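One-letter residues, chain by chain:
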Amino acid sequence: QVQLVESGGGLVQAGGPLRLSCAASGSIFSVSHMAWYHQAPGKQRASVAQMTYCGNTTYAASVERRFTISRDKGKKMVFLQMNSLKSEDTGVYYCKLFNDRVYSTAYWGQGTQVTVSS
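Since the model is a prediction, treat every value here as computed from it, not as a measurement.

Draft legend 1. Main features of the environment of Pro17. Here Pro17 lies in the loop between strand E2 (10-13) and strand E3 (18-24). Between the C-alpha atom of Pro17 and that of Asn83, which follows or precedes it by 66 residues, the distance is 4.3 Å. When sequence neighbours within four positions are dropped, the list of residues in contact with Pro17 reads Val12, Gln81, Met82, Asn83 and Leu85.

Okay, structure coming up:
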């Protein structure tokens, strides 16, 4: 059984940093791509950062050079370091593990709320 649990969300002032964590259980972590998604109020969920199982990273243009995705394979954890936060970064952040070449379903966490005050 795979479970993802995000943590680290909260209230932060604009311009400040925040680090999100995602703890994974189960045996698929080493073969999974991972991603962080952002769902702003009233909007659809959208990917902001992705890392392949090989370690290659991509970012949405809106967070490039501000956000960094990383992982700790040994602890089965994924992180999102968010710097220079803006009010538009407010929303719920979700962690996702996936690899449709290895397993059929993607796994999501329950989300963690980030609120950036201006």
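Draft legend 2. Looking closely at the side chain of Thr90. Within the secondary structure, Thr90 sits in the loop between strand E8 (77-82) and strand E9 (91-98). In terms of polar contacts, Thr90 uses its side chain to reach the backbone carbonyl oxygen of Ser87, at 3.0 Å. The contact partners of Thr90, leaving out residues within four places of it in the chain, are His38, Ala40, Pro41, Gln113, Val114, Thr115 and Val116.

Draft legend 3. Looking closely at the layout of surface pockets. Reported here for the largest pocket is a volume of approximately 220 Å³. Together, 15 residues line the largest pocket, and His38, Val48, Ser62, Glu88 and Asp89 are the ones closest to its centre. In terms of residue count, the dominant contributor to the lining of the largest pocket is strand E5 (residues 46-51) (3 residues). Looking at side-chain class alone, the lining of the largest pocket contains 6 nonpolar, 4 polar and 5 charged residues.

Draft legend 4. Expanded view of the packing of aromatic side chains. Using the criterion set out here, one finds 3 aromatic pairs in the structure. Taking the centre distance of 6.4 Å and the plane angle of 80 degrees together, the rings of Tyr94 and Trp108 count as edge-to-face. Here the residue Tyr94 occupies a position in strand E9, and Trp108 occupies one in strand E10 (residues 107-108), the gap between them amounting to 14 residues. By relative accessible area, Trp108 is classed as partly exposed at 34%. One aromatic cluster is present, built from ring pairs that chain together Tyr37, Tyr94 and Trp108. Sitting over the face of the ring of Tyr94, Arg45 holds its NZ or CZ atom 3.6 Å from the ring centroid.

Rules of the game
- Residues numbered from 1 in each chain as written.
- Predicted model: local features only at pLDDT ≥ 70, side-chain atom pairs only at ≥ 80, totals over all residues.
- Heavy atoms only, no water.
- Helix = DSSP H or I, 4+ residues; strand = E, 2+ residues; numbered from the N terminus.
- Contact = heavy atoms within 4.5 Å.
- Polar contact = N/O pair within 3.5 Å; in protein donor to acceptor, adjacent residues only side chain to side chain.
- 1 Å grid on protein atoms, 1.4 Å probe; cavity = no way out; pocket = protein on both sides within 12 Å on 5 of 7 lines; lining within 4 Å.
- Points joined across faces, edges and corners; volume = space filled by probe spheres on them.
- Nonpolar A, V, L, I, M, F, W, Y, C, P; charged D, E, K, R; others polar.
- Phe/Tyr/Trp six-rings, centres within 6.5 Å; stacked < 30°, edge-to-face > 60°.
- Buried < 20%, exposed > 50% of the residue type's maximum accessible area, 1.4 Å probe, protein only.
- Lys NZ or Arg CZ within 6 Å of the ring centre and 35° of its normal.

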